[in-house]
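# Per-entry structural report
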Amino acid sequence: MHHLPRIIIAGLLTLAFSTFTIRAEAPTFVNCTLVLEVYAIEKSDALAILESERGKIARYRRVNELVPQHKARLEILTALTTKSGQRAVSESIDEVRYIAEYLPPGSKAGLATPKTVETRNVGDTLEFEPVIGPDGHTCDLNLVPQRVGLREFREIGGMAEDSTVAQPLFETQRMIASTAFPANEPYYLGTLTSATERGVANGDAASEVHLAFLRLNVVESKPDEIKAPEKPVDWSALNLEYSFYSLDRAAARELLAAMPTLNAPWEKLQTLLGEKKARFEHLVSLKTKSGQRSVVEEIQEVRYATGYAPRGAIHSSETTSRTVTTRPGLAVKPQPDPKEDAKATTTTETTTSERVMPNADGPPGAPILFETRNTGVTVEAEPVVGEDGVSIDLNHVVQSVIHLGNLKTAGVAARYPAQPLFETRKLTTSQTLLAGRHMLVGTFNPPGADGVNDRVDTGRTWLVFVRATPNDQ
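These figures come from a predicted structure and were not determined experimentally.

All right, on to the overall build of the chain then. Summing up its helical and strand segments, the chain has six helices and 19 strands in all. With 473 residues in all, the chain has 41% of them scored as buried. In the chain, the share of contacts with a sequence separation of at least 24, taken over all contacts with a separation of at least 6, comes to 74%. In the structure as shown, the chain presents an accessible area of about 26,000 Å², 52% of it carried by carbon and sulfur atoms.

Here it is, written out as C-alpha coordinates:
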(Lines give C-alpha, C1' and ligand atoms only; values in the text may rest on other atoms or scores of the structure.)
Protein backbone atom coordinates (compact mmCIF):
# COMPACT_ATOMS: atom_id res chain seq x y z
CA MET A 1 0.00 0.00 0.00
CA HIS A 2 2.95 2.34 0.69
CA HIS A 3 4.02 1.96 -2.93
CA LEU A 4 0.68 3.12 -4.31
CA PRO A 5 1.48 6.86 -4.32
CA ARG A 6 4.71 6.21 -6.24
CA ILE A 7 2.82 4.14 -8.75
CA ILE A 8 0.24 6.90 -9.16
CA ILE A 9 2.95 9.54 -9.53
CA ALA A 10 4.77 7.41 -12.08
CA GLY A 11 1.54 6.90 -13.98
CA LEU A 12 0.82 10.60 -14.00
CA LEU A 13 4.31 11.34 -15.26
CA THR A 14 3.89 8.76 -17.99
CA LEU A 15 0.54 10.26 -18.96
CA ALA A 16 2.01 13.75 -18.97
CA PHE A 17 4.92 12.59 -21.12
CA SER A 18 2.59 10.83 -23.54
CA THR A 19 0.37 13.92 -23.67
CA PHE A 20 3.41 16.06 -24.43
CA THR A 21 4.43 13.61 -27.13
CA ILE A 22 0.97 13.73 -28.70
CA ARG A 23 0.98 17.52 -28.65
CA ALA A 24 4.43 17.53 -30.21
CA GLU A 25 3.01 15.49 -33.07
CA ALA A 26 -0.06 17.73 -33.40
CA PRO A 27 -1.22 18.62 -36.91
CA THR A 28 0.93 21.17 -38.68
CA PHE A 29 -1.92 23.22 -40.11
CA VAL A 30 -5.68 23.53 -39.99
CA ASN A 31 -8.11 24.50 -42.76
CA CYS A 32 -11.64 25.63 -41.93
CA THR A 33 -14.45 24.98 -44.41
CA LEU A 34 -17.63 26.86 -43.55
CA VAL A 35 -20.86 25.48 -45.04
CA LEU A 36 -24.00 27.64 -44.94
CA GLU A 37 -27.36 25.95 -45.57
CA VAL A 38 -30.62 27.90 -45.73
CA TYR A 39 -33.93 26.01 -45.93
CA ALA A 40 -37.35 27.43 -46.89
CA ILE A 41 -40.08 25.88 -44.68
CA GLU A 42 -43.78 26.60 -44.26
CA LYS A 43 -44.03 28.90 -41.25
CA SER A 44 -46.13 26.60 -39.08
CA ASP A 45 -43.66 23.72 -39.64
CA ALA A 46 -40.76 26.05 -38.84
CA LEU A 47 -42.44 27.11 -35.60
CA ALA A 48 -43.06 23.48 -34.63
CA ILE A 49 -39.39 22.60 -35.22
CA LEU A 50 -38.06 25.53 -33.17
CA GLU A 51 -40.48 24.94 -30.29
CA SER A 52 -40.41 21.15 -30.09
CA GLU A 53 -36.86 20.27 -31.06
CA ARG A 54 -34.15 21.08 -28.56
CA GLY A 55 -30.56 21.09 -29.66
CA LYS A 56 -28.97 22.12 -32.92
CA ILE A 57 -28.51 18.59 -34.23
CA ALA A 58 -32.15 17.64 -33.61
CA ARG A 59 -33.40 20.71 -35.47
CA TYR A 60 -31.08 20.10 -38.39
CA ARG A 61 -32.10 16.45 -38.60
CA ARG A 62 -35.79 17.33 -38.49
CA VAL A 63 -35.43 19.88 -41.28
CA ASN A 64 -33.69 17.36 -43.51
CA GLU A 65 -36.45 14.84 -42.84
CA LEU A 66 -38.90 17.33 -44.37
CA VAL A 67 -36.91 17.72 -47.61
CA PRO A 68 -37.96 14.35 -49.19
CA GLN A 69 -41.55 15.19 -48.20
CA HIS A 70 -41.28 18.47 -50.17
CA LYS A 71 -42.03 20.39 -46.96
CA ALA A 72 -38.56 21.94 -46.86
CA ARG A 73 -36.43 23.27 -49.71
CA LEU A 74 -32.68 23.91 -49.70
CA GLU A 75 -32.46 27.51 -50.95
CA ILE A 76 -28.81 28.39 -50.31
CA LEU A 77 -25.74 26.16 -50.18
CA THR A 78 -22.48 28.08 -49.87
CA ALA A 79 -19.09 26.72 -48.81
CA LEU A 80 -15.67 28.33 -48.56
CA THR A 81 -12.32 27.22 -47.14
CA THR A 82 -9.96 29.50 -45.24
CA LYS A 83 -7.43 29.41 -42.41
CA SER A 84 -8.11 30.20 -38.78
CA GLY A 85 -7.97 33.95 -38.25
CA GLN A 86 -8.29 34.75 -41.96
CA ARG A 87 -11.22 36.58 -43.55
CA ALA A 88 -12.84 34.98 -46.61
CA VAL A 89 -15.57 36.17 -48.98
CA SER A 90 -17.82 34.32 -51.44
CA GLU A 91 -19.87 36.28 -54.00
CA SER A 92 -22.58 35.00 -56.36
CA ILE A 93 -24.15 38.14 -57.75
CA ASP A 94 -25.73 40.00 -60.64
CA GLU A 95 -24.47 43.58 -61.06
CA VAL A 96 -27.61 45.71 -61.48
CA ARG A 97 -26.86 49.16 -62.90
CA TYR A 98 -29.54 51.84 -62.68
CA ILE A 99 -29.84 55.59 -63.19
CA ALA A 100 -29.46 57.30 -59.82
CA GLU A 101 -29.58 60.97 -60.84
CA TYR A 102 -31.36 62.84 -63.65
CA LEU A 103 -31.24 66.23 -65.39
CA PRO A 104 -34.42 68.09 -66.36
CA PRO A 105 -35.75 67.27 -69.85
CA GLY A 106 -34.84 69.52 -72.77
CA SER A 107 -38.45 70.08 -73.77
CA LYS A 108 -41.88 70.01 -72.18
CA ALA A 109 -42.72 66.58 -73.57
CA GLY A 110 -39.22 65.13 -73.22
CA LEU A 111 -37.73 62.64 -70.75
CA ALA A 112 -35.36 63.50 -67.97
CA THR A 113 -31.75 62.96 -68.99
CA PRO A 114 -29.62 60.36 -67.13
CA LYS A 115 -26.76 61.98 -65.23
CA THR A 116 -25.19 59.33 -62.96
CA VAL A 117 -25.42 55.54 -62.79
CA GLU A 118 -24.95 53.38 -59.68
CA THR A 119 -24.52 49.62 -59.23
CA ARG A 120 -26.15 47.30 -56.68
CA ASN A 121 -24.97 43.71 -56.27
CA VAL A 122 -27.96 41.38 -56.29
CA GLY A 123 -27.59 37.74 -55.21
CA ASP A 124 -25.74 35.90 -52.43
CA THR A 125 -22.63 36.95 -50.51
CA LEU A 126 -20.97 35.37 -47.49
CA GLU A 127 -18.21 36.99 -45.47
CA PHE A 128 -16.72 35.22 -42.47
CA GLU A 129 -13.67 34.99 -40.22
CA PRO A 130 -13.22 31.87 -38.05
CA VAL A 131 -10.87 31.55 -35.10
CA ILE A 132 -10.29 28.02 -33.80
CA GLY A 133 -9.85 27.83 -30.05
CA PRO A 134 -6.92 26.19 -28.21
CA ASP A 135 -8.91 22.97 -27.88
CA GLY A 136 -8.99 22.65 -31.67
CA HIS A 137 -12.75 22.09 -31.59
CA THR A 138 -14.47 25.33 -30.55
CA CYS A 139 -14.77 28.12 -33.09
CA ASP A 140 -15.33 31.86 -32.60
CA LEU A 141 -16.94 33.09 -35.78
CA ASN A 142 -17.81 36.49 -37.21
CA LEU A 143 -19.94 36.25 -40.32
CA VAL A 144 -22.28 38.21 -42.59
CA PRO A 145 -24.54 36.13 -44.86
CA GLN A 146 -26.63 38.22 -47.26
CA ARG A 147 -29.14 37.73 -50.08
CA VAL A 148 -30.36 40.69 -52.17
CA GLY A 149 -33.14 40.52 -54.75
CA LEU A 150 -34.56 42.91 -57.35
CA ARG A 151 -38.33 43.10 -57.02
CA GLU A 152 -39.23 45.68 -59.71
CA PHE A 153 -38.68 49.16 -61.13
CA ARG A 154 -41.12 51.71 -59.72
CA GLU A 155 -42.14 54.87 -61.52
CA ILE A 156 -41.70 58.14 -59.62
CA GLY A 157 -43.21 61.42 -60.81
CA GLY A 158 -43.29 65.01 -59.61
CA MET A 159 -45.91 67.62 -60.48
CA ALA A 160 -48.68 66.87 -62.97
CA GLU A 161 -46.64 67.72 -66.09
CA ASP A 162 -43.20 66.70 -64.80
CA SER A 163 -41.15 63.96 -66.40
CA THR A 164 -41.57 60.51 -64.79
CA VAL A 165 -38.48 58.51 -63.83
CA ALA A 166 -37.95 54.92 -62.59
CA GLN A 167 -36.09 53.57 -59.57
CA PRO A 168 -35.40 49.93 -58.55
CA LEU A 169 -36.91 48.28 -55.49
CA PHE A 170 -34.50 45.90 -53.78
CA GLU A 171 -35.18 43.45 -50.97
CA THR A 172 -32.46 42.27 -48.58
CA GLN A 173 -32.03 39.30 -46.23
CA ARG A 174 -28.97 39.94 -44.09
CA MET A 175 -27.53 38.83 -40.79
CA ILE A 176 -24.51 40.25 -38.96
CA ALA A 177 -23.53 37.71 -36.35
CA SER A 178 -20.76 36.79 -33.96
CA THR A 179 -21.03 33.41 -32.31
CA ALA A 180 -19.10 30.54 -30.76
CA PHE A 181 -19.97 26.93 -31.47
CA PRO A 182 -18.38 23.47 -31.75
CA ALA A 183 -16.85 22.50 -35.06
CA ASN A 184 -17.76 19.52 -37.24
CA GLU A 185 -21.45 19.48 -36.38
CA PRO A 186 -24.50 21.47 -37.55
CA TYR A 187 -25.35 24.67 -35.75
CA TYR A 188 -28.63 26.59 -35.94
CA LEU A 189 -27.87 30.24 -36.80
CA GLY A 190 -31.28 31.96 -37.17
CA THR A 191 -33.75 33.08 -39.83
CA LEU A 192 -33.09 34.72 -43.21
CA THR A 193 -36.69 35.19 -44.36
CA SER A 194 -37.73 37.26 -47.39
CA ALA A 195 -39.46 40.59 -46.85
CA THR A 196 -43.16 41.12 -47.65
CA GLU A 197 -44.87 44.05 -49.34
CA ARG A 198 -47.13 45.07 -46.44
CA GLY A 199 -45.13 43.60 -43.58
CA VAL A 200 -45.93 41.62 -40.46
CA ALA A 201 -47.73 44.53 -38.74
CA ASN A 202 -50.42 44.50 -41.44
CA GLY A 203 -51.05 40.77 -41.37
CA ASP A 204 -49.05 40.00 -44.49
CA ALA A 205 -46.21 37.91 -43.11
CA ALA A 206 -44.36 35.53 -45.42
CA SER A 207 -45.87 32.05 -45.80
CA GLU A 208 -42.37 30.55 -45.58
CA VAL A 209 -39.62 31.01 -43.04
CA HIS A 210 -35.98 30.52 -43.99
CA LEU A 211 -33.90 28.69 -41.36
CA ALA A 212 -30.12 29.00 -41.59
CA PHE A 213 -27.65 26.35 -40.38
CA LEU A 214 -23.86 26.40 -40.20
CA ARG A 215 -21.25 23.72 -40.17
CA LEU A 216 -17.56 24.48 -39.75
CA ASN A 217 -15.48 21.52 -40.87
CA VAL A 218 -12.06 21.72 -39.24
CA VAL A 219 -9.75 19.70 -41.47
CA GLU A 220 -6.38 18.90 -39.90
CA SER A 221 -3.27 17.61 -41.54
CA LYS A 222 -1.88 14.45 -39.96
CA PRO A 223 1.78 13.88 -39.05
CA ASP A 224 2.18 11.20 -41.71
CA GLU A 225 0.90 13.63 -44.35
CA ILE A 226 3.69 16.17 -43.85
CA LYS A 227 6.70 13.90 -43.94
CA ALA A 228 9.62 15.27 -45.90
CA PRO A 229 9.81 13.85 -49.43
CA GLU A 230 12.15 10.89 -49.93
CA LYS A 231 13.95 12.61 -52.81
CA PRO A 232 14.68 16.31 -53.45
CA VAL A 233 11.78 18.21 -54.98
CA ASP A 234 12.23 20.99 -57.52
CA TRP A 235 10.38 23.97 -56.02
CA SER A 236 12.06 26.49 -58.32
CA ALA A 237 8.55 26.83 -59.71
CA LEU A 238 5.22 25.26 -58.85
CA ASN A 239 2.10 24.46 -60.82
CA LEU A 240 -1.39 25.44 -59.69
CA GLU A 241 -4.39 23.72 -61.24
CA TYR A 242 -7.94 24.98 -60.65
CA SER A 243 -10.73 22.61 -61.70
CA PHE A 244 -14.46 23.45 -61.75
CA TYR A 245 -17.32 20.96 -61.38
CA SER A 246 -21.12 21.17 -61.15
CA LEU A 247 -23.58 18.79 -59.53
CA ASP A 248 -27.08 18.70 -58.07
CA ARG A 249 -27.42 20.80 -54.92
CA ALA A 250 -28.60 17.88 -52.79
CA ALA A 251 -25.58 15.81 -53.85
CA ALA A 252 -23.30 18.76 -53.12
CA ARG A 253 -24.77 19.05 -49.62
CA GLU A 254 -23.93 15.40 -48.95
CA LEU A 255 -20.41 15.98 -50.22
CA LEU A 256 -19.93 19.01 -47.96
CA ALA A 257 -21.76 17.66 -44.89
CA ALA A 258 -18.73 15.93 -43.40
CA MET A 259 -15.05 16.37 -44.28
CA PRO A 260 -13.06 14.12 -41.93
CA THR A 261 -9.91 14.19 -44.07
CA LEU A 262 -8.21 16.51 -46.52
CA ASN A 263 -9.07 14.21 -49.42
CA ALA A 264 -12.71 13.52 -48.48
CA PRO A 265 -14.40 16.08 -50.80
CA TRP A 266 -12.26 15.08 -53.78
CA GLU A 267 -12.80 11.36 -53.18
CA LYS A 268 -16.58 11.84 -52.92
CA LEU A 269 -16.55 13.89 -56.11
CA GLN A 270 -14.75 11.12 -58.00
CA THR A 271 -17.52 8.72 -57.04
CA LEU A 272 -20.15 11.15 -58.30
CA LEU A 273 -18.24 11.68 -61.54
CA GLY A 274 -18.12 7.94 -62.08
CA GLU A 275 -21.88 7.75 -61.52
CA LYS A 276 -22.48 10.65 -63.95
CA LYS A 277 -23.95 12.71 -61.09
CA ALA A 278 -21.31 15.42 -61.42
CA ARG A 279 -19.89 17.18 -64.46
CA PHE A 280 -16.42 18.59 -65.15
CA GLU A 281 -16.79 22.19 -66.35
CA HIS A 282 -13.47 24.02 -66.72
CA LEU A 283 -9.74 24.01 -65.94
CA VAL A 284 -7.30 26.87 -65.30
CA SER A 285 -3.58 26.22 -64.84
CA LEU A 286 -0.68 28.54 -64.08
CA LYS A 287 2.98 28.31 -63.10
CA THR A 288 4.68 30.63 -60.63
CA LYS A 289 7.44 30.86 -58.02
CA SER A 290 7.10 30.60 -54.27
CA GLY A 291 6.34 34.01 -52.76
CA GLN A 292 5.41 35.57 -56.11
CA ARG A 293 1.99 36.82 -57.15
CA SER A 294 0.74 35.41 -60.44
CA VAL A 295 -2.35 36.14 -62.53
CA VAL A 296 -3.98 34.27 -65.40
CA GLU A 297 -6.78 35.89 -67.41
CA GLU A 298 -9.20 34.46 -69.96
CA ILE A 299 -11.20 37.59 -70.67
CA GLN A 300 -13.05 39.76 -73.14
CA GLU A 301 -13.20 43.54 -72.73
CA VAL A 302 -16.83 44.70 -72.87
CA ARG A 303 -17.37 48.45 -73.23
CA TYR A 304 -20.61 50.11 -72.23
CA ALA A 305 -21.97 53.64 -71.90
CA THR A 306 -21.96 55.44 -68.55
CA GLY A 307 -22.72 59.03 -69.67
CA TYR A 308 -25.25 60.54 -72.10
CA ALA A 309 -25.70 63.85 -73.93
CA PRO A 310 -29.32 65.02 -73.79
CA ARG A 311 -31.55 65.50 -76.80
CA GLY A 312 -30.81 68.87 -78.42
CA ALA A 313 -33.11 71.65 -79.63
CA ILE A 314 -32.97 73.82 -82.80
CA HIS A 315 -32.09 77.40 -81.96
CA SER A 316 -32.21 80.60 -84.05
CA SER A 317 -30.03 83.62 -83.34
CA GLU A 318 -29.80 87.27 -84.52
CA THR A 319 -26.77 89.48 -84.02
CA THR A 320 -26.79 93.32 -84.16
CA SER A 321 -23.93 95.76 -83.64
CA ARG A 322 -23.41 99.54 -83.27
CA THR A 323 -20.42 101.89 -83.00
CA VAL A 324 -20.15 104.30 -80.07
CA THR A 325 -17.68 107.26 -79.93
CA THR A 326 -16.88 108.77 -76.55
CA ARG A 327 -15.19 112.20 -76.11
CA PRO A 328 -13.78 113.50 -72.83
CA GLY A 329 -15.51 116.40 -71.08
CA LEU A 330 -19.13 117.10 -70.25
CA ALA A 331 -19.83 120.21 -72.35
CA VAL A 332 -20.69 120.12 -76.05
CA LYS A 333 -18.48 122.57 -77.85
CA PRO A 334 -19.86 124.47 -80.88
CA GLN A 335 -16.64 124.21 -82.81
CA PRO A 336 -14.64 121.02 -83.28
CA ASP A 337 -11.46 120.98 -81.34
CA PRO A 338 -8.76 118.78 -82.93
CA LYS A 339 -7.04 118.38 -79.59
CA GLU A 340 -10.23 117.04 -77.98
CA ASP A 341 -11.03 114.81 -80.99
CA ALA A 342 -7.66 113.12 -80.58
CA LYS A 343 -8.68 112.05 -77.11
CA ALA A 344 -11.97 110.47 -78.28
CA THR A 345 -12.43 106.63 -78.12
CA THR A 346 -14.56 104.48 -80.40
CA THR A 347 -16.04 101.06 -79.37
CA THR A 348 -18.28 98.55 -81.12
CA GLU A 349 -21.13 96.92 -79.17
CA THR A 350 -22.41 93.56 -80.41
CA THR A 351 -25.69 92.00 -79.20
CA THR A 352 -26.80 88.44 -79.97
CA SER A 353 -30.28 87.13 -79.16
CA GLU A 354 -31.25 83.45 -79.32
CA ARG A 355 -34.58 81.70 -79.29
CA VAL A 356 -35.76 78.10 -79.52
CA MET A 357 -37.69 77.34 -82.66
CA PRO A 358 -41.13 75.99 -81.68
CA ASN A 359 -42.36 72.63 -83.00
CA ALA A 360 -38.92 71.71 -84.34
CA ASP A 361 -37.24 68.31 -83.89
CA GLY A 362 -33.78 68.62 -82.42
CA PRO A 363 -30.78 66.28 -82.76
CA PRO A 364 -31.12 63.09 -80.68
CA GLY A 365 -29.08 62.42 -77.55
CA ALA A 366 -26.11 60.06 -77.61
CA PRO A 367 -23.76 58.16 -75.28
CA ILE A 368 -20.63 60.18 -74.58
CA LEU A 369 -18.82 58.36 -71.73
CA PHE A 370 -17.76 54.70 -71.67
CA GLU A 371 -16.22 52.18 -69.27
CA THR A 372 -14.76 48.69 -69.76
CA ARG A 373 -15.63 45.51 -67.84
CA ASN A 374 -13.46 42.42 -68.19
CA THR A 375 -15.55 39.29 -68.60
CA GLY A 376 -14.29 35.72 -68.40
CA VAL A 377 -12.20 33.81 -65.85
CA THR A 378 -9.44 35.38 -63.76
CA VAL A 379 -7.26 33.66 -61.16
CA GLU A 380 -4.85 35.57 -58.94
CA ALA A 381 -2.61 33.48 -56.70
CA GLU A 382 0.35 33.89 -54.37
CA PRO A 383 1.73 30.57 -53.03
CA VAL A 384 4.47 30.16 -50.42
CA VAL A 385 6.12 26.75 -50.03
CA GLY A 386 6.66 25.74 -46.39
CA GLU A 387 9.99 24.73 -44.88
CA ASP A 388 8.77 21.13 -44.78
CA GLY A 389 8.72 21.07 -48.59
CA VAL A 390 5.21 19.62 -48.61
CA SER A 391 2.78 22.31 -47.44
CA ILE A 392 1.94 25.44 -49.43
CA ASP A 393 0.27 28.56 -48.00
CA LEU A 394 -1.89 30.04 -50.74
CA ASN A 395 -3.66 33.39 -50.99
CA HIS A 396 -5.89 33.48 -54.05
CA VAL A 397 -8.84 35.11 -55.80
CA VAL A 398 -10.89 33.06 -58.26
CA GLN A 399 -13.39 34.99 -60.38
CA SER A 400 -15.75 34.46 -63.30
CA VAL A 401 -17.64 37.34 -64.96
CA ILE A 402 -20.31 36.86 -67.65
CA HIS A 403 -22.02 39.52 -69.77
CA LEU A 404 -25.73 38.61 -69.86
CA GLY A 405 -26.80 41.32 -72.28
CA ASN A 406 -28.92 44.23 -71.08
CA LEU A 407 -30.96 44.52 -67.91
CA LYS A 408 -34.64 43.93 -68.66
CA THR A 409 -36.98 46.70 -67.53
CA ALA A 410 -40.60 47.68 -68.16
CA GLY A 411 -42.75 50.81 -68.24
CA VAL A 412 -41.02 54.17 -68.28
CA ALA A 413 -37.73 52.48 -67.23
CA ALA A 414 -37.60 50.82 -70.66
CA ARG A 415 -37.51 54.27 -72.33
CA TYR A 416 -34.17 55.10 -70.77
CA PRO A 417 -30.79 53.87 -72.06
CA ALA A 418 -30.36 50.11 -71.51
CA GLN A 419 -27.86 49.12 -68.84
CA PRO A 420 -25.50 46.13 -69.20
CA LEU A 421 -25.95 43.16 -66.87
CA PHE A 422 -22.94 41.23 -65.60
CA GLU A 423 -22.94 38.07 -63.49
CA THR A 424 -20.02 37.67 -61.09
CA ARG A 425 -18.83 34.62 -59.16
CA LYS A 426 -15.87 35.32 -56.91
CA LEU A 427 -13.96 33.61 -54.10
CA THR A 428 -11.40 35.52 -52.02
CA THR A 429 -9.63 33.38 -49.45
CA SER A 430 -6.42 31.80 -48.15
CA GLN A 431 -5.69 28.18 -47.28
CA THR A 432 -2.91 25.66 -46.85
CA LEU A 433 -2.39 22.92 -49.43
CA LEU A 434 -0.49 19.65 -49.40
CA ALA A 435 1.55 19.10 -52.54
CA GLY A 436 -0.22 16.90 -55.05
CA ARG A 437 -3.61 16.91 -53.23
CA HIS A 438 -6.83 18.29 -54.72
CA MET A 439 -8.15 20.66 -52.04
CA LEU A 440 -11.61 22.21 -51.94
CA VAL A 441 -11.65 26.00 -52.36
CA GLY A 442 -15.43 26.44 -52.13
CA THR A 443 -18.68 26.76 -54.04
CA PHE A 444 -18.79 28.82 -57.23
CA ASN A 445 -22.52 29.18 -57.76
CA PRO A 446 -24.45 31.45 -60.11
CA PRO A 447 -27.05 33.69 -58.43
CA GLY A 448 -30.41 32.11 -57.68
CA ALA A 449 -33.85 33.44 -58.58
CA ASP A 450 -32.98 37.03 -57.65
CA GLY A 451 -35.60 38.78 -59.80
CA VAL A 452 -33.11 39.86 -62.47
CA ASN A 453 -33.95 39.13 -66.13
CA ASP A 454 -36.34 36.32 -65.22
CA ARG A 455 -33.47 34.33 -63.71
CA VAL A 456 -34.46 30.95 -62.31
CA ASP A 457 -32.74 28.75 -59.74
CA THR A 458 -30.85 26.01 -61.60
CA GLY A 459 -30.74 23.72 -58.53
CA ARG A 460 -27.05 22.99 -59.18
CA THR A 461 -23.94 23.78 -57.17
CA TRP A 462 -20.49 24.50 -58.58
CA LEU A 463 -17.32 23.45 -56.77
CA VAL A 464 -13.75 24.67 -57.21
CA PHE A 465 -10.72 22.52 -56.36
CA VAL A 466 -7.04 23.51 -56.44
CA ARG A 467 -3.90 21.36 -56.62
CA ALA A 468 -0.28 22.44 -56.24
CA THR A 469 2.60 20.35 -57.63
CA PRO A 470 6.37 20.93 -57.90
CA ASN A 471 8.04 22.05 -61.07
CA ASP A 472 8.99 18.53 -62.14
CA GLN A 473 5.53 16.98 -61.68
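For helix α5 (residues 264-274), every residue scored as buried is listed here: A264, P265, W266, L269 and L272. Looking at the packing, one finds that the buried side of α5 touches β10 (238-248), α4 (249-257), β11 (278-288), β18 (439-443) and β19 (460-470). Of the residues one or two after α5, K276 is the one with positive phi, at around 60°.

With that settled, the discussion passes to the nonpolar core. I41, L240 and Y242 are the most contacted members of the largest nonpolar core, which totals 82 residues. Among the elements that make up this core, the one with the highest residue count is strand β9 (residues 208-220) (eight residues). For I41, the residues in contact, after removing those within four places along its chain, are A46, I49, V63, L66, K71, A72, S207, E208, V209 and L211. With 18 residues, the next largest nonpolar core counts V96, V148, A413 and V452 among its residues.

The next thing to look at is the side chain of Q419. Note that Q419 resides in the loop between β16 (391-406) and β17 (420-434). By relative accessible area, which is 6% here, Q419 ends up buried. In terms of polar contacts, Q419 uses its side chain to reach the backbone carbonyl oxygen of P417, at 3.4 Å. If we ignore the near neighbours within four places in the chain, the residues touching Q419 are R97, I99, V117, A305, Y308, G405, N406 and L407.

This next bit is on the pattern of salt bridges. Enumeration according to the criterion identifies 23 salt bridges in this entry. A salt bridge links E208 to R73, with the shortest nitrogen-to-oxygen separation between them at 3.0 Å. Linking E208 in strand β9 with R73 in strand β2 (residues 72-83), this pair joins segments that are 135 residues apart in sequence. Residue classification places R73 among the partly exposed positions, given a relative accessible area of 38%. The salt bridge partner of K115 is E101, with a shortest N-O separation of 3.5 Å. Of this pair, K115 sits in strand β4 (residues 113-132) while E101 is found in strand β3 (residues 88-103), placing the two residues 14 residues apart along the sequence. On the basis of relative accessible area, K115 is assigned to the partly exposed category, the value being 45%. One connected set of salt bridges, linked through shared partners, spans R73, E75, D124, R147 and E208.

Before going further, it helps to examine the packing of aromatic side chains. This structure, assessed with the given rule, holds 12 aromatic pairs. When the centroid spacing of 5.3 Å and the interplanar angle of 65° are considered together, the rings of Y102 and Y416 count as edge-to-face. In this pair, Y102 is assigned in strand β3 and Y416 in the loop between β16 and β17, connecting sequence segments 314 residues apart. In this structure, Y102 and Y416 share a single accessibility class: buried. Connected via pairs of aromatic rings, a cluster forms that spans Y39, Y60, Y188 and F213.

What follows covers the environment of E152. Among the structural elements, E152 can be located in strand β5 (residues 138-156). Sequence separation between E152 and V452 is 300 residues, and the spatial gap between their C-alpha atoms is 8.9 Å. Excluding its chain neighbours within four sequence positions, the residues that come into contact with E152 are Q167, P168 and L169. At 2.8 Å, the side chain of E152 forms a polar contact with the side chain of R154.

Once that is clear, we can look at the packing of helix α2 (residues 43-52) against helix α3 (residues 56-66). Across the interface, α2 lies against α3 with an axial gap of 9 Å and an inter-helix angle of 150°. It follows from the interaxial angle that α2 and α3 lie roughly antiparallel. In terms of crossing hand, the pair formed by α2 and α3 is right-handed. Contacts between α2 and α3 involve D45, I49 and L50 from the former and R59, R62, V63 and L66 from the latter. The residue inventory of the contact of α2 with α3, partitioned by class, reads four nonpolar, no polar and three charged.

Conventions we followed
Residues numbered from 1 in each chain as written. Predicted model: local features only at pLDDT ≥ 70, side-chain atom pairs only at ≥ 80, totals over all residues. Heavy atoms only, no water. Helix = DSSP H or I, 4+ residues; strand = E, 2+ residues; numbered from the N terminus. Buried < 20%, exposed > 50% of the residue type's maximum accessible area, 1.4 Å probe, protein only. Contact = heavy atoms within 4.5 Å. Areas by Shrake-Rupley, 256 points an atom, 1.4 Å probe, with all protein chains shown as cover. Core = buried A, V, L, I, M, F, W, Y, C linked by side-chain atoms within 4.5 Å. Polar contact = N/O pair within 3.5 Å; in protein donor to acceptor, adjacent residues only side chain to side chain. Salt bridge = Lys/Arg side-chain N within 4 Å of Asp/Glu carboxyl O. Phe/Tyr/Trp six-rings, centres within 6.5 Å; stacked < 30°, edge-to-face > 60°. Axes fitted to C-alpha atoms, helices over the stretch in contact; angles between N-to-C directions. Parallel < 35°, antiparallel > 145°, perpendicular 65-115°, else oblique. Left-handed = near helix turned anticlockwise from the far one by under 90°. Nonpolar A, V, L, I, M, F, W, Y, C, P; charged D, E, K, R; others polar.

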